[in-house]
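Structural features, examined
Each chain, written out:
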Amino acid sequence: MVNLTLLLLLLAFCLASTVQRNLELEEDANVQQNLEQDPEIVHYQPEQVHLAFGETVQDIVVTWNTRDNTNESICEYGIDGIAEQSIKAPQGPSAFVDGGAKKATQYIHRVTLPQLRPNTTYHYHCGSQLGWSAVYWFHTPLNHSDWSPSLAIYGDMGVVNAASLPALQRETQLGMYDAILHVGDFAYDMCNEDGGVGDEFMRQVETIAAYVPYMVCVGNHEEKYNFSHYVNRFSMPGGTDNLFYSFNLGPVHFIGFSTEVYYFTQFGLKPIVMQYDWLERDLLEATKPENRAKRPWIITYGHRPMYCSNDNGDDCANHETVVRKGLPGLNFFGLEPLFYKYGVDVELWAHEHCYERMWPMYNYTVYNGSRAEPYVNPGAPVHIISGAAGNHEGREPFFKHMPPWSAFHSQDFGYLRLKAHNATHLYFEQVSDDKGGAIIDKFWVIKHSHGPYSAA
């Protein structure tokens, strides 16, 4: 009898606990629903903080987002503390409306910190009187060409399977890099879930991009709504919707550009013409004797490569690559002759989910410096693909019989490092995430003089 009574009491207690838990869950759901519907709830906290170089590398642009309009954008910063200087953007935040069904709106804030001291660590936070970010730091570069910047370079990193992200987070916060180049394809895709995937990606890379300038170029996965997420979320120099721009860092003149203008022609042919014209003017200026004497290296980066050895049907595996040759049937605005004419040294690419290093080449012909030292005074640009930082689409297959101009290839997830040692020596190494950070390829590009190539 006693045992039966205890059993009944235990059952009653369990039933009461279950009812109570269900009531709590229902209450939590109601609270969440009310939070989403209540017009009085506001979201003023800064998020997705990231940096970029401004019109010079001594100007740093701080960009962040808020869900609601704070009506002001402020960055407080200093060397010994964040309260030393404060800059308020004169125009305040700009509204960005996603093109999806919900027309989700967020507010993008941009503040430029001008004329910073070279080779100096600054601390900063950003926001408004309604809410502030955490405190971050960055280190400014030197303002001359006689120093050796280090960069991490990669493309094709998403929210899912961002294989390189942990290592990049750690190395960036250890101060290993002076800048990051993300060569197209972000989040997969930034527009998905009414922009929610883009928000999550920008939150994840904040742990990199809030500490070092995060320089980007557009990829094919940014195409939706006429590249609106890419155009609005980033802040590259030059005032060209982030599509093409250049900056000088140490002995290198870097040029970022859009390969996508050649593929999404439904948005018009004008972007192709404008970019080509800008590229030629920029290269003409960079190759003036006085400028190339200070910054002899010219490195370009764009998303879709001119050449690749991937067995997946992409046009970089075809002979007439549109980026390389120009518009089909016309061969207008092809970039390979332009880059060759002005003596571009290295061309960085992504898009293919792999790593591939080519021999120096032009028009499918190898122009090694010599048989023993192919990258010493090469007779053509060096092409490198590093598009394996991590995505949910998988790895790219290679041809069973590799072409003679392909020097090294790997399917490992990973990223590229560049150390621009001086006016004559560049050092590259590819890091494998699959192999726990091992260096799977490394090589030097050495040039004792820089200028236009002359084919043999």
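Above this text sits the structure in question.
Predicted model, so just to flag it, every value in this text is computed and none were measured. Sequence order sets the numbering: in each chain, residues are counted from 1 along the sequence as written. Thresholds applied to this predicted model are a pLDDT of at least 70 for local features of residues and 80 or more for the giving and counting of side-chain atom pairs; totals over whole chains, interfaces and linings are not thresholded and use all residues. For the side-chain quantities, the full set of heavy atoms in the structure was used; hydrogens and water were omitted.

Each helix is a run of DSSP H or I of at least 4 residues and each strand a run of E of at least 2, with the numbering of both proceeding from the N terminus. In this structure, Ser 258 sits in the loop between β16 (252–256) and α5 (270–286). Think of a polar contact as two N or O atoms within 3.5 Å of one another; within protein, one of them needs to be a possible hydrogen donor and the other a possible acceptor, and neighboring residues in sequence only count if both atoms come from side chains. Within the structure, the side chain of Ser 258 is placed 3.3 Å from the backbone nitrogen of Val 261, a separation counted as a polar contact.

Whether parallel or antiparallel, the strands of a sheet pair through hydrogen bonds between backbone atoms. Two strands are said to pair when DSSP picks up at least two bridges between them. Taken in spatial order, the 6 strands of this open sheet run β14-β12-β10-β24-β25-β26, and their pairing is mixed. Bordering the open sheet on either side are β14 (214–217) and β26 (438–446), each of which pairs with just one other strand. Ignoring which end each strand starts from, the neighbouring axes of this sheet average 20° apart. Direction of pairing for strand β24 (residues 414–420) relative to strand β25 (residues 425–432): antiparallel, over a ladder of 7 bridges. Counterpart to Gly 414 in the pairing with β25 is Ser 432. Between two residues, a contact is recorded if the distance between any of their heavy atoms is within 4.5 Å. Axes here mean lines fitted to C-alpha atoms, for a helix over just the part in contact, with angles spanning 0 to 180 degrees between N-to-C directions. Packing against the sheet, helix α3 (residues 196–209) makes contact with β10 (150–154), β12 (179–183) and β14, and its axis sits at approximately 130° to β14.

Summarising the element assignment, Phe 332 is placed in the loop between α7 (322–325) and α8 (335–341). Any residue under 20% of the maximum accessible area for its type is buried, any over 50% is exposed, and the rest in between are partly exposed; the area is computed with a 1.4 Å probe on protein chains only. Judged by its relative accessible area of 48%, Phe 332 is partly exposed. For the pair Phe 332 and Ile 272, spaced 60 residues apart in sequence, the C-alpha separation works out to 9.7 Å. Contact partners of Phe 332, with chain neighbours within four places excluded, come to Lys 325, Gly 326 and Leu 327.

What follows covers the pattern of salt bridges. Within this document, salt bridges are pairs made up of a side-chain nitrogen of Lys or Arg and a carboxyl oxygen of Asp or Glu, the two lying within 4 Å of each other. Evaluated as defined, the whole model comprises 17 salt bridges. Across the pair Glu 200 and Arg 203 runs a salt bridge whose closest N-O atoms are separated by 3.2 Å. Remark: Arg 203 and Glu 200 occur in helix α3; sequence separation between them is 3 residues, near one turn of the helix. With relative accessibility at 31%, the residue Glu 200 sits in the partly exposed group. Between Asp 441 and Arg 357 there is a salt bridge, with the nearest N and O atoms lying 2.8 Å from each other. Taken together, the positions of Asp 441 in strand β26 and Arg 357 in strand β19 (residues 355–358) put the pair 84 residues apart, joining distant regions of the chain. In this pair, the class of Asp 441 matches that of Arg 357, namely buried. By sharing partners, the salt bridges in this structure join Glu 47, Glu 200 and Arg 203 into a single network.

A separate point is the packing of aromatic side chains. Classification of ring pairs rests on two measures: the distance between centres of Phe, Tyr or Trp rings, Trp counted by its six-membered ring, which must be within 6.5 Å, and the angle between planes, read as stacked under 30 degrees, edge-to-face over 60 and tilted in between. Throughout the structure, instances matching the rule amount to 30 aromatic pairs. Look at Phe 257 and Trp 349: their rings are 6.0 Å apart centre to centre, the planes differ by 90°, and that puts the pair in the edge-to-face class. One end of the pair, Phe 257, is in the loop between β16 and α5; the other, Trp 349, is in strand β18 (residues 346–349), and 92 residues separate them in sequence. When sorted by exposure, Phe 257 lands in the same class as Trp 349, which is buried. Here the aromatic rings of Tyr 307 and Tyr 364 are separated by 4.8 Å at their centres, their planes lie at 80°, and the arrangement is edge-to-face. Taken together, the residues span a long stretch of sequence, with Tyr 307 in the loop between β17 (297–301) and α7 and Tyr 364 in the loop between β20 (361–362) and β21 (365–366) at a distance of 57 residues. On the accessibility criterion, Tyr 307 (1% relative accessible area) is buried. Taken together, the ring pairs in this structure connect Tyr 77, Tyr 122, Tyr 124, Tyr 136, Trp 137, Phe 138 and Tyr 211 into an aromatic cluster. Geometry around Tyr 263 places Arg 304 over its ring, the cationic atom sitting 3.7 Å from the centre. For the cation-ring pair, Arg 357 lies above Trp 359, with the distance from its terminal atom to the ring centre recorded as 5.9 Å. Placement of a positive charge over a ring is assigned whenever Lys NZ or Arg CZ falls within 6 Å of the ring centre and within 35 degrees of the normal to the ring plane.

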